[in-house]
Structure formats: C-alpha cells, structure tokens
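# Fold and contact review
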Amino acid sequence: MSGCDSDARDLIRLTFDKLSTDTVSESVVCPSCGAVSMFIGTTRNSFEGKKVVQLEYEAYIPMAEAQLKTIFREIRKRWPSVKHICVHHRLGIVPVTEASVIIGISSTHRSESLEAVRYCIDTLKATVPIWKKVSEFSCIPSPSANLKA
C-alpha cells in the first residue's frame, strides 16, 4: 500500500508484457479512499459467431498516452473525489482469457470510482489510438479430405 494522501497519481502503462490486476490495484490504493474500482477486459473465445484464437494490439504510443491523459483530466473534472487513476493496456498478442486492459480508479466513495471506470473504458475504446486485430480459427479442409477411399 502506498502513502497517497498527497498528490493524485495518473499512471499509464502500454506494454507487451502480461498484465497484473494486483499491480494496478496496489497502485491506486489510498488510505483516504473507501473505494477502488477496476475493469479487466479479457480476450474472449468468440467474435461475431467465429472462434477467436487471440487478439493482437498495436498503438501509436505517444498519441495514446496523450489521449489517456486527456481522459484522466476529464475524469477529474467530472468526479473530483477520484484520487488515483491507472490504465495498463497490453500490446502485441493476447491469448484467450488473458487481460488486454486493466483500469483501476480510487475515490472517497464507490459511486464515483465505478462511474469513472465505466467512463474511462468507454472513452478509451472510442478515442485512444490502440487498434485490435482478431485472429480467428478457420477450419479449411485439406485437399485429401475431398478424396474418396
């Protein structure tokens, strides 16, 4: 746990490494806050009726970081009781069930941090230059499958 009753922290990490919910949670914990709300976005195994094997993310990192800072400023305007904000987003290949994005926000009371987390993920998906490529499993019959014995 960090001593955080001083300045608010805005933390951003765009990484090719596996994400940790503990790391995000611990980075926003604060003795004066009664709530830590989190969102964990994971790779699911289907998309539009097709089997998904993995997702692959790429980003324009300087612009993504700048846009995230803009989102953080807006969160602080809308929910002044928010203390710390942390967004970790994975880049590269993310297999099914692994986290693509983890958001943690602390605030004095739960309603503010819950609303801020929802706003953060919705706005991130709509405005931050991070692109997702879906790798689907396709079952292509081999030429020998058409041969009769």
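Scroll up to find the structure this text is about.
These notes cover the structure that comes with them. All figures in this text were calculated on a predicted structure; none of them were measured in a lab. (Residues numbered from 1 in each chain as written. Predicted model: local features only at pLDDT ≥ 70, side-chain atom pairs only at ≥ 80, totals over all residues. Heavy atoms only, no water.)

## Things to note about helix α1 (residues 21-28)
Put simply, the rule reads: A 1.4 Å probe rolled over the protein chains alone gives each residue an accessible area, and that area as a share of the maximum for its type sets the label: buried under 20%, exposed over 50%, partly exposed in between. Secondary structure elements are defined from DSSP: runs of H or I of at least 4 residues count as helices, runs of E of at least 2 residues count as strands, and each element is numbered from the N terminus. Working definition: the arc comes from the directions between the helix axis and the C-beta atoms, pointing outward to the latter. Pairs of residues are marked as contacts when any of their non-hydrogen atoms sit within 4.5 Å. As used in this structure description, the phrase polar contact means that two N or O atoms lie within 3.5 Å; if the pair is within protein, one of them must be able to donate a hydrogen and the other to accept it, and residues adjacent in sequence are counted only when both atoms belong to side chains.
Those residues of α1 not exposed but buried are Val 24, Ser 27 and Val 28. Looking straight down α1, one finds its buried side chains confined to an arc of 90°; they lie on one side. Exposed positions of α1 whose direction lies more than 90 degrees from the buried face are Asp 22 and Glu 26. In the core, the buried residues of α1 are packed alongside β1 (10-15), β2 (35-42), β5 (82-90) and β7 (99-107). The N-capping residue of α1, defined by a side-chain oxygen 3.3 Å from the backbone nitrogen of Asp 22, is Ser 20.

## What about the nonpolar core?
Quick note on the threshold: Buried Ala, Val, Leu, Ile, Met, Phe, Trp, Tyr and Cys residues form a nonpolar core when they are joined through side-chain atoms within 4.5 Å.
Membership of the largest hydrophobic core comes to 26 residues, with the highest contact counts inside it found for Leu 68, Ile 71, Ile 75, Val 87, Ile 103, Ile 105 and Cys 120. For this core, the secondary-structure elements that each account for two or more residues are β4 (50-59), α2 (61-78), β5, β7 and α3 (110-127). Broken down by element, the residue count for this core peaks at 6 residues, all from α3. Apart from the residues lying within four places of it in its own chain, the contact partners of Cys 120 are Ile 71, Phe 72, Ile 75, Val 87, Ile 103 and Ile 105. In terms of nonpolar packing, the next biggest core, distinct from the first, is built from 6 residues, Val 28, Cys 86, Ala 99 and Ile 102 among them.

## Some words on unusual backbone geometry
Even without a glycine there, the phi angle at Glu 48 is positive, about 50°. With respect to the secondary-structure elements, Glu 48 resides in the loop between β3 (46-47) and β4. Residue Thr 97 is not a glycine yet carries a positive backbone phi of 80°. The exposure class assigned to Thr 97 is exposed, which follows from its relative accessible area of 64%.

## Things to note about the environment of Leu 19
Tracing the backbone shows Leu 19 in the loop between β1 and α1. Leu 19 sits 81 residues away from Ser 100 along the chain, and the two C-alpha atoms are 7.5 Å apart. With sequence-adjacent residues up to four places away left out, Leu 19 is seen in contact with His 88, His 89, Arg 90, Ala 99, Ser 100, Val 101 and Ile 102.

## Comments concerning the sheet that holds β7
Our working definition: Here the rule is simple: two strands pair whenever DSSP picks up at least two bridges between them. Simply put, an axis is a line fit to the C-alpha atoms, just over the touching stretch for a helix, and the angle between two N-to-C directions goes from 0 to 180 degrees.
Ordered in space as β1-β5-β7-β2, the 4 strands form an open sheet in which the pairing is mixed. Across the chains shown, the open sheet's two edge strands, defined by having one partner strand only, are β1 and β2. Here the average twist between neighbouring strands, direction ignored, is 5°. Bridge analysis of β2 against β7 gives 8 bridges, and the strand direction is antiparallel. Considered in β7, the bridge of Thr 42 is made with Ala 99. Packing against the sheet, α3 makes contact with β2, β5 and β7, and its axis sits at approximately 145° to β7.

## Structural notes on the environment of Leu 14
Along the chain, Leu 14 falls in strand β1. C-alpha of Leu 14 to C-alpha of His 89: the two residues are 75 residues apart in sequence and 5.0 Å apart in space. Setting aside chain neighbours within four positions, we find Leu 14 in contact with Ile 61, Ala 64, Glu 65, Leu 68, His 89, Leu 91 and Ile 130.

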